[in-house]
Amino acid sequence: MPIRIFIILSTFCLIAATTAAQAVSKLPETVKVNPSALTGEPMCDPKISPAWREAQEIEGVKIDASPVCSPDNPAWIAAAVKGTNNISMDTLMKTGLSPDAIIKTDDLDGDGDPDRIVIKLEIMELNGKSPDFPGIVPTFDIAPGVQPGAWVFAPKTSGMSTENFESVRANPLLRLPSPVIRVEVGDIVQIVLENTHYLPHSIHLHGVDHPFMHHEHGGQDGVPQTSEVELMPGERRIYQFQARQPGTMFYHCHVQTHTHLAMGLAGMIIVEENRPNNWLQTLNIGGGQVRHPSVAVKEQFDQEYDLHYHAMDKELGEIIQKYNDPRLIARDMNRRYDITDATEDYYTLNGLSFPYTLRESLIVVEPDQKIKLRMLNSGGELIAIHTHGHHATITHYDGVEHNPIAQIMRDVFDMAPAQRLDLKLETVNDGKHSYGEGDWLIHDHREKGITTNGMAEGGSMSSIVYKSYLTENGMPKVSHFGIDLNKYFTKEYYERRLPEWQDLDEWASLGSPGEKSGLDDATQTSAIYTLAGLFIGLFIYWIFSRRGQIEQSTMSAISRFKSPKGSKQ
């Protein structure tokens, strides 16, 4: 009986305590981030002239139109096709390239195009620690406010590593990814690596038909353990080859590959089929659309795109943002950094993450076209690229044509590290090749691949977008669906300070709660009242269980109180 009474009393007290706690707790007010307080930026880079998007001819080079909002500098394309030794000084000055960056000479086979190609590359650092002021220089953002430390092979330039004396922003030629190199079967190619960096490096021509030995300096496979010693700072080395087979290949540094490749020292190298009058766009800086395709590509396709997928480890890149001393950087990278414990944090397409991929890596198509896509995965993990609204045909694996009768169509394309795929994308609306016009996403279907440092939406997302779904400034038409992309063009979004869904309704039901969490206060208050209820219940039970003793003690006390002082019993 006493136990039942205790349970009843305790339950009553707990109910009372909970009710009291709910009465005093209150959910916090929603705090809506004011858009005017954000550091927004234009969707299209204002430093890029809209005139660059037009089809044009420079130095006799026909350059296709590029409707995206941040197209390549047409002068770069003219210089890449003709060679920096064969263009006017006016055009050369518009490129920022060194006069000896791309040298083209000697039509050895008499077919109307040069066959001796010299390409000079430097090694540059992006977003590294400045020796002169607190901060990093030169800066290269892969997304708004996102600046991972990186290294790149870059075409030899004639100017500063920054835009000018007043800016810390990188020279446009110095960027991720390392440039796409294009040559022709039979060309005698020299890639001259000038080590302008503070650490040793090399080049490995992955998949490219090249001799193991060079007649001047011995081995030229790029591997310090088998073919050559590392190229020290201030030195240069020539890598020479005359490719016999066409295909989509890969070049990268093979010194401390586990860090140097991941830092960005990797690029595509493409060997085109030999054709007469085949003046190639030898460098495609930043990848994306090839605005001067080869003769062989134009025989079969309406357009061509280079798509370089890469991933970077935030902690690895931060090493060069902590030190200026090469010894400390070498120590942390070579002996302290453990790639087996590493994670990839930044996922890029042609050196950028969403939303910047929309600026220059859209695949812009029209109905009934055939488009050639060349793809490289230089990251450290398998990726799975999915094409919304389309099935594409895999025509080549690692530069080798797949048997035409065995070629397959897919909408997800698995790519192992260092693997290359050539795809044929057809936009005929038949329910198989294409589902019709639209703004169709293309993305890595590993869900982390669409994040930037863990924050979605980001990563290597882009679109296959039909021209009818493109605005005049080269961005996808999404506003008529009620979609606003402006929030992604703010650094606050990728700093996790902007609630993703705060604007989905007028009262911001999914906005951010206030600074002081009412839920936390309610939890604390509830705990206090619960403990109080338990103590009250225990106290009542104690009184009830000892009611006889309490009654006797009380009566005795009353009796003593009533008796006269000093009376004798």
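Just so it is clear, the model here is predicted, and its values are computed rather than measured.

1. Considerations on the overall build of the protein
Thinking step 1. Along its length, the protein carries eleven helices and 31 strands.
Thinking step 2. Here the protein holds 569 residues, and 50% of them are scored as buried.
Thinking step 3. Put simply, 71% of the contacts in the protein that link residues at least 6 apart link residues at least 24 apart.
Thinking step 4. Surface accessibility of the protein: about 27,000 Å² in total, with carbon and sulfur atoms responsible for 56%.

2. A word on the nonpolar core
Thinking step 1. Formed by 59 residues in total, the largest nonpolar core has its most connected members in Leu 126, Leu 176, Leu 307, Tyr 309, Ile 363, Leu 373 and Leu 423.
Thinking step 2. Among the elements that line this core, the one with the most residues is strand 19 (residues 303–312), at four residues.
Thinking step 3. Residue contacts for Leu 423: discarding those within four places in its chain leaves Ile 371, Lys 372, Leu 373, Met 375, Ala 392, Thr 393, Ile 394, Thr 395 and Phe 413.
Thinking step 4. The next biggest cluster of nonpolar side chains, apart from the first, holds 47 residues, and it includes Leu 265, Leu 283, Ile 320 and Tyr 337.

3. Here's the deal with the pattern of salt bridges
Thinking step 1. With the rule as written, the count across this model stands at 33 salt bridges.
Thinking step 2. The salt bridge partner of Arg 374 is Glu 272, with a shortest N-O separation of 3.5 Å. Of this pair, Arg 374 sits in strand 22 (residues 370–377) while Glu 272 is found in strand 16 (residues 266–272), placing the two residues 102 residues apart along the sequence.
Thinking step 3. Looking at Glu 272, the relative accessible area reads 3%, which means it is buried.
Thinking step 4. Through salt bridges with shared partners, a single network forms among Arg 182, Glu 272, Glu 304, Asp 306, Lys 372, Arg 374 and Asp 422.

4. A few points about the sheet that holds strand 11 (residues 204–206)
Thinking step 1. Taken together, the five strands give an open sheet; going across it, the order is 11-15-16-9-17, and neighbouring strands pair in mixed fashion. Unpaired on one side and paired on the other, strand 11 and strand 17 (283–284) mark the two borders of the sheet.
Thinking step 2. Where strand 15 (residues 247–252) and strand 16 come together, six bridges link them in antiparallel fashion. Looking at strand 16, one finds that Tyr 251 is bridged to Gly 267.

5. Let's talk about a nonpolar patch on the surface
Thinking step 1. Taken together, the side chains of Trp 501, Leu 504 and Leu 510 present a nonpolar region at the surface, about 360 Å² in accessible area.
Thinking step 2. Within the element layout of this structure, Leu 504 appears in the loop between helix 9 (491–494) and strand 31 (512–513).

6. Topic: helix 7 (residues 326–336)
Think of an α-helix as turning once every 3.6 residues; residues three or four places apart then point the same way.
Thinking step 1. Buried residues of helix 7: Ile 329, Ala 330, Arg 331, Asp 332 and Met 333, and no others.
Thinking step 2. Considering only its buried residues, helix 7 is in contact with strand 8 (150–155), helix 4 (257–260) and helix 6 (314–319).

7. Re the environment of Asn 73
Thinking step 1. Structurally, Asn 73 is set in the loop between strand 3 (61–63) and helix 2 (74–82).
Thinking step 2. Each C-alpha atom of the pair Asn 73 and Pro 172 lies 9.5 Å from the other, and the pair is 99 residues apart in sequence.
Thinking step 3. Apart from the residues lying within four places of it in its own chain, the contact partners of Asn 73 are Trp 52, Lys 94 and Thr 95.

8. Details of the confidence of the model for the protein
Interpretation of the predicted coordinates at a detailed level should be avoided for regions scoring low in pLDDT.
Thinking step 1. On average, residues of the protein carry a pLDDT of 91, and 87% of them reach 70 or more.
Thinking step 2. Confidence drops under a pLDDT of 50 for residues 517–522, and excluding neighbours within four residues, the segment shows five contacts in the predicted structure.

9. Brief notes about the sheet that holds strand 23 (residues 383–387)
Thinking step 1. With respect to topology, five strands assemble into an open sheet ordered 21-30-29-23-27, the strand pairing being mixed. Only two strands of the sheet have a single partner each, and these edge strands are strand 21 (363–365) and strand 27 (412–415). When the angles between neighbouring strand axes are averaged without regard to direction, this sheet yields 15 degrees.
Thinking step 2. Strand direction decides the pairing type here: strand 21 and strand 30 (residues 462–466), joined by three bridges, are parallel. Bridge pairing in strand 30 links Ile 363 to Ile 464.

10. A word on the pairing of strand 27
Thinking step 1. Only one face of strand 27 is buried: it carries Phe 413 and Met 415, and the other face, with Val 412 and Asp 414, is open.
Thinking step 2. As paired strands, strand 23 and strand 27 are joined by four bridges and run antiparallel to one another. Bridge pairing in strand 27 places Ile 383 opposite Met 415.

11. Some points on the side chain of Ser 434
Thinking step 1. Considering the arrangement of structural elements, one finds Ser 434 in the loop between strand 28 (420–426) and strand 29 (439–444).
Thinking step 2. Exposure remark for Ser 434: the relative accessible area of 0% places this residue in the buried category.
Thinking step 3. Among all residues touching Ser 434, those that are not within four sequence positions of it are Gly 389, His 390, Glu 426, Thr 427, Val 428, Asn 429 and Tyr 466.

12. Re unusual backbone geometry
Negative phi is the rule for most residues except glycine; trans is the rule for most peptide bonds.
Thinking step 1. Of note, the amide linkage connecting Phe 354 to Pro 355 takes the cis form, showing an omega dihedral of 10 degrees.
Thinking step 2. Residue Glu 457 is bonded to the preceding Ala 456 through a cis peptide linkage, with omega at 5 degrees.
Thinking step 3. Relative to the helices and strands, Glu 457 is located in the loop between strand 29 and strand 30.
Thinking step 4. Phi at Gln 256 takes a positive value of approximately 45 degrees, unusual for a residue other than glycine.
Thinking step 5. Along the chain, the position of Gln 256 falls in the loop between strand 15 and helix 4.
Thinking step 6. Positive phi values are uncommon outside glycine, yet Ala 508 reaches one of about 50 degrees.
Thinking step 7. Mapping Ala 508 onto the fold places it in the loop between helix 9 and strand 31.

13. Brief notes about the packing of aromatic side chains
Thinking step 1. Taken as a whole and assessed by the stated rule, the structure comprises seven aromatic pairs.
Thinking step 2. Both rings, one in Tyr 493 and one in Tyr 494, keep their centres 5.0 Å apart while their planes meet at 75 degrees; by these two values the pair is edge-to-face.
Thinking step 3. Residue Tyr 493 is classed as buried on the basis of its relative accessible area, which comes to 0%.
Thinking step 4. Overall, Tyr 494 belongs to the buried group, its relative accessible area being 9%.
Thinking step 5. An aromatic cluster of three or more residues is present, and its members are Phe 354, Tyr 488, Tyr 493 and Tyr 494.

14. Looking at helix 2
Thinking step 1. Extensive coverage of helix 2 is indicated by the burial of eight of its nine residues.
Thinking step 2. Of the positions making up helix 2, those classed as buried are Pro 74, Ala 75, Trp 76, Ile 77, Ala 78, Ala 79, Ala 80 and Val 81.
Thinking step 3. Buried-residue contacts for helix 2 involve strand 2 (56–58), strand 3, helix 3 (89–95), strand 4 (102–105) and strand 17.
Thinking step 4. The backbone nitrogen of Ala 75 lies 2.9 Å from a side-chain oxygen of the residue at the head of helix 2, namely Asn 73.
Thinking step 5. Positive backbone phi, approximately 95 degrees, marks Gly 83, located one or two places after helix 2.

What counts, and at which threshold
Residues numbered from 1 in each chain as written. Predicted model: local features only at pLDDT ≥ 70, side-chain atom pairs only at ≥ 80, totals over all residues. Heavy atoms only, no water. Helix = DSSP H or I, 4+ residues; strand = E, 2+ residues; numbered from the N terminus. Buried < 20%, exposed > 50% of the residue type's maximum accessible area, 1.4 Å probe, protein only. Contact = heavy atoms within 4.5 Å. Areas by Shrake-Rupley, 256 points an atom, 1.4 Å probe, with all protein chains shown as cover. Core = buried A, V, L, I, M, F, W, Y, C linked by side-chain atoms within 4.5 Å. Salt bridge = Lys/Arg side-chain N within 4 Å of Asp/Glu carboxyl O. Pairing = 2+ DSSP bridges. Patch = residues over 30% accessible without salt bridge, like charges linked within 9 Å, V, L, I, M, F, W, Y side chains within 5 Å. pLDDT = per-residue confidence, 0-100. Axes fitted to C-alpha atoms, helices over the stretch in contact; angles between N-to-C directions. Phe/Tyr/Trp six-rings, centres within 6.5 Å; stacked < 30°, edge-to-face > 60°. Polar contact = N/O pair within 3.5 Å; in protein donor to acceptor, adjacent residues only side chain to side chain.

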